[in-house]
Amino acid sequence: MLAVEAWVAQESSFAADPSASGASGYAALHTLEAISMHKVGRKNFDAPYGINRLRKVQKRVGPDGAELSVKLPLKGLAASAGESVAPGALDFLDFVLAAAFGAGTNVTGIGAASVTSTLFTQQTGDTVNVDDALCIYESGQNSNRPQWRVIDTEGVAGQYTVRTLAGTFTTAAISFGYRHYTPAVVPAVANGNSLAMYLELAGGSQWTLLGGRPSSFKLSMDAGGEASLDVTLMFDRRVRGSKASIPAVTAFAPPSIVGELSSFLWGTTEYETEKIEVEWTLGTADRKATSGANGRGNILARSADMKVTVVPPFGTNWEDDFDATTARRLELVLGNNAFAASLVNSCFLYSPACNAAAIDYVDSNNEPRQAMQFESIDAGYNAIPALRPYWRLCRA
């Protein structure tokens, strides 16, 4: 297997290297599997010059391009954002998420004036709204684990109604800050920064791939296994040569999220599941432009449709929901271990409305189960009124 190291950076303009030396902007890419070298996408043209001999002739260089697939860990923020603390600097995972779904939004940690089983009252101000998430925590409550909740309603400013919480809380409770990714109504007009990627092949060559954009994006988490993101990236061009000041690869924090103490909510009921799979249809394509060096003005993700597959215990309710094409809210808690070493290390995926779109019967070690597939749908407006998110992915 080839030994390849990789670094990634955000481009301020399409297919422009943010640092020729690698001294700024580049972050080492944490992967769960060894990276293969990129697939070359250069297209060369035949050049038949009108000669009358039945022989091949010299080809002419055409547009460049490349493609690379990686398996990344899903993880929370490198440092937890406590009361009045905003999430820290972007990391490699933020770079990739933003290139697919648009720039992330930071939500600062919130102190609590009071917390009941269904009401979180902010200590000062009114900084979140209906359909925003809260990551509620107090030491010793809920087995020392944070609880993700979506704000259902807001009465008096700063008072947020949520689904029932476990535990008894004091004014020491907080809602951790997080960074969320929420697709725009027209995703292509709000794509985040394109990506640059630097590859070093041990004993071989070095390449910088420029103008990158994810073309496929899939999240997988099996019970007891590491949560991962399978991502394929398209690039506009390749540049050969080393970067003298690329940062050293150091330990990655936090570790990957593990499929433990995680669940999903369908409607108002929580369920266990054998696994969770989330697949986004990005519709990534070139934005053709004769002014571009390779005939591209950009590479854009033009869709943000989402399908979620879970495998809960068998129940006729799943058959009923599928037959009726039922739509309900869907929440996925991804990683929810006890708060330790000052890290939440949890993610949360929320869709205000999903259709029960497909059902399949599966054998799970001689236990019958159903694989349910849900599709995110337009949920219209909430009571503010504000357009509800298509879906929202949070990292804390």
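Owing to the predicted nature of the structure, the values given are computational and were not obtained by experimental measurement.

*Asks:* I would appreciate a short explanation of the overall build of the protein in the present structure.
*Replies:* A tally of helices and strands in the protein yields two helices and 27 strands. Compactness check: the protein gives a C-alpha radius of gyration of 23 Å against a globular reference of 21 Å for 396 residues, within 12% of the reference. Its C-alpha atoms give the protein principal-axis dimensions of about 85 × 50 × 45 Å. Taking all 396 residues of the protein together, the buried fraction comes to 49%.

*Asks:* Looking at this structure, I do not really get the nonpolar core. What am I missing?
*Replies:* Nonpolar side chains tend to gather and get buried jointly when the protein is soluble and globular. Of all hydrophobic cores here, the largest spans 59 residues; its most connected members are Leu29, Leu72, Phe217, Val278, Trp280, Leu332 and Phe374. With nine residues, helix α1 (residues 92-101) is the largest single contributor of residues to this core.

*Asks:* Would you mind going over the environment of valine 231 with me for this structure?
*Replies:* Within the secondary structure, valine 231 sits in strand β16 (residues 228-235). Here valine 231 falls in the buried class, since its relative accessible area comes to 1%. Through-space distance from the C-alpha of valine 231 to that of proline 214 is 6.5 Å; in sequence the pair is 17 residues apart. Sequence-distant contacts of valine 231, that is, excluding residues within four places in its chain, are made with Leu68, Ser69, Val70, Leu72, Val96, Pro214, Ser216 and Phe217.

*Asks:* What am I meant to see in the pattern of salt bridges here?
*Replies:* Any two side chains of opposite charge can pair, so long as their charged atoms come close to each other. Evaluated as defined, the whole model comprises 22 salt bridges. Between arginine 179 and aspartate 94 there is a salt bridge, with the nearest N and O atoms lying 2.9 Å from each other. One end of the pair, arginine 179, is in strand β13 (residues 178-181); the other, aspartate 94, is in helix α1, and 85 residues separate them in sequence. No difference in accessibility class separates arginine 179 from aspartate 94, as the two residues are buried. Salt bridges sharing partners connect three or more residues here, namely Asp152, Arg163, Glu270, Arg329 and Glu331.

*Asks:* Honestly, a nonpolar patch on the surface in this entry has me stumped. Any pointers?
*Replies:* A cluster of nonpolar side chains, Val185, Val186, Val189, Tyr381 and Leu387, forms an exposed patch at the surface whose accessible area comes to about 560 Å². Examined against the element boundaries, valine 189 turns out to sit in the loop between β13 and β14 (195-201). Note on valine 189: relative accessible area 70%, which makes it exposed.

*Asks:* Help me understand the side chain of asparagine 345, please; the structure alone is not making it clear to me.
*Replies:* Residue placement: asparagine 345 occurs in the loop between β24 (327-334) and β25 (347-364). At 3.1 Å, the side chain of asparagine 345 forms a polar contact with the backbone oxygen of proline 255. Aside from chain neighbours lying at most four places away, what touches asparagine 345 is Lys75, Gly76, Pro254, Pro255, Ser256, Ile257, Gly335 and Ala396.

*Asks:* So what exactly am I meant to see when it comes to the packing of aromatic side chains here?
*Replies:* To describe a pair of aromatic rings, one takes the distance between the centres and the angle between the planes. All chains considered together, the criterion is met by 16 aromatic pairs. A network of ring pairs unites the aromatic residues Phe264, Trp266, Tyr271, Trp318 and Phe374 as a single cluster.

*Asks:* Which parts of the structure should I look at to understand the sheet that holds strand β7 (residues 119-122)?
*Replies:* Picture the strands of a sheet paired through backbone hydrogen bonds; they go either parallel or antiparallel. In spatial order, the strands read β9-β8-β12-β6-β7-β11-β10; together these seven strands make up an open sheet with antiparallel pairing. Two strands close off the open sheet at either side, each with one partner strand: β9 (147-150) and β10 (153-154).

*Asks:* What should I look at first to understand α1 in this one?
*Replies:* In terms of burial, α1 is largely enclosed, as ten of its ten residues are buried. Taken together, the buried positions of α1 are occupied by Phe92, Leu93, Asp94, Phe95, Val96, Leu97, Ala98, Ala99, Ala100 and Phe101. Of the residues that open α1, the one with a side-chain oxygen 3.1 Å from the backbone nitrogen of leucine 93 is aspartate 91. Glycine 102 lies just past α1 and shows a positive phi near 100°.

*Asks:* In this structure, what is going on with unusual backbone geometry? I would like to understand it.
*Replies:* As a rule of thumb, non-glycine residues mostly have phi less than zero, and peptide bonds are mostly trans rather than cis. With omega at -5°, the peptide bond leading from alanine 253 into proline 254 counts as cis. Counting through the fold element by element, proline 254 comes out in the loop between β17 (237-240) and β18 (264-266). In this structure, proline 385 follows isoleucine 384 across a cis peptide bond, with omega equal to 0°. By secondary structure assignment, the location of proline 385 is in the loop between β26 (367-376) and β27 (392-395). Even without being glycine, asparagine 142 reaches a positive phi, approximately 50°. You can see asparagine 142 is positioned in the loop between β8 (133-137) and β9. Backbone geometry places serine 143, a non-glycine residue, at a positive phi of 55°. Counting through the fold element by element, serine 143 comes out in the loop between β8 and β9. Of the residues examined, serine 143 reaches a relative accessible area of 57% and is grouped as exposed.

*Asks:* Can you walk me through the environment of glutamate 5 in this structure?
*Replies:* Tracing the backbone through its elements, the reader meets glutamate 5 in strand β1 (residues 4-10). Assessed through its relative accessible area of 40%, glutamate 5 is described here as partly exposed. For glutamate 5 and leucine 199, which are 194 residues apart along the polypeptide, the C-alpha to C-alpha distance reads 5.8 Å. Ignoring anything within four residues of it in the chain, the contact list for glutamate 5 reads Tyr198, Leu199, Glu200 and Val249.

Reading the values: the criteria
- Residues numbered from 1 in each chain as written.
- Predicted model: local features only at pLDDT ≥ 70, side-chain atom pairs only at ≥ 80, totals over all residues.
- Heavy atoms only, no water.
- Helix = DSSP H or I, 4+ residues; strand = E, 2+ residues; numbered from the N terminus.
- Rg over C-alpha atoms; globule rule 2.2 N^0.38 Å.
- Buried < 20%, exposed > 50% of the residue type's maximum accessible area, 1.4 Å probe, protein only.
- Core = buried A, V, L, I, M, F, W, Y, C linked by side-chain atoms within 4.5 Å.
- Contact = heavy atoms within 4.5 Å.
- Salt bridge = Lys/Arg side-chain N within 4 Å of Asp/Glu carboxyl O.
- Patch = residues over 30% accessible without salt bridge, like charges linked within 9 Å, V, L, I, M, F, W, Y side chains within 5 Å.
- Areas by Shrake-Rupley, 256 points an atom, 1.4 Å probe, with all protein chains shown as cover.
- Polar contact = N/O pair within 3.5 Å; in protein donor to acceptor, adjacent residues only side chain to side chain.
- Phe/Tyr/Trp six-rings, centres within 6.5 Å; stacked < 30°, edge-to-face > 60°.
- Pairing = 2+ DSSP bridges.

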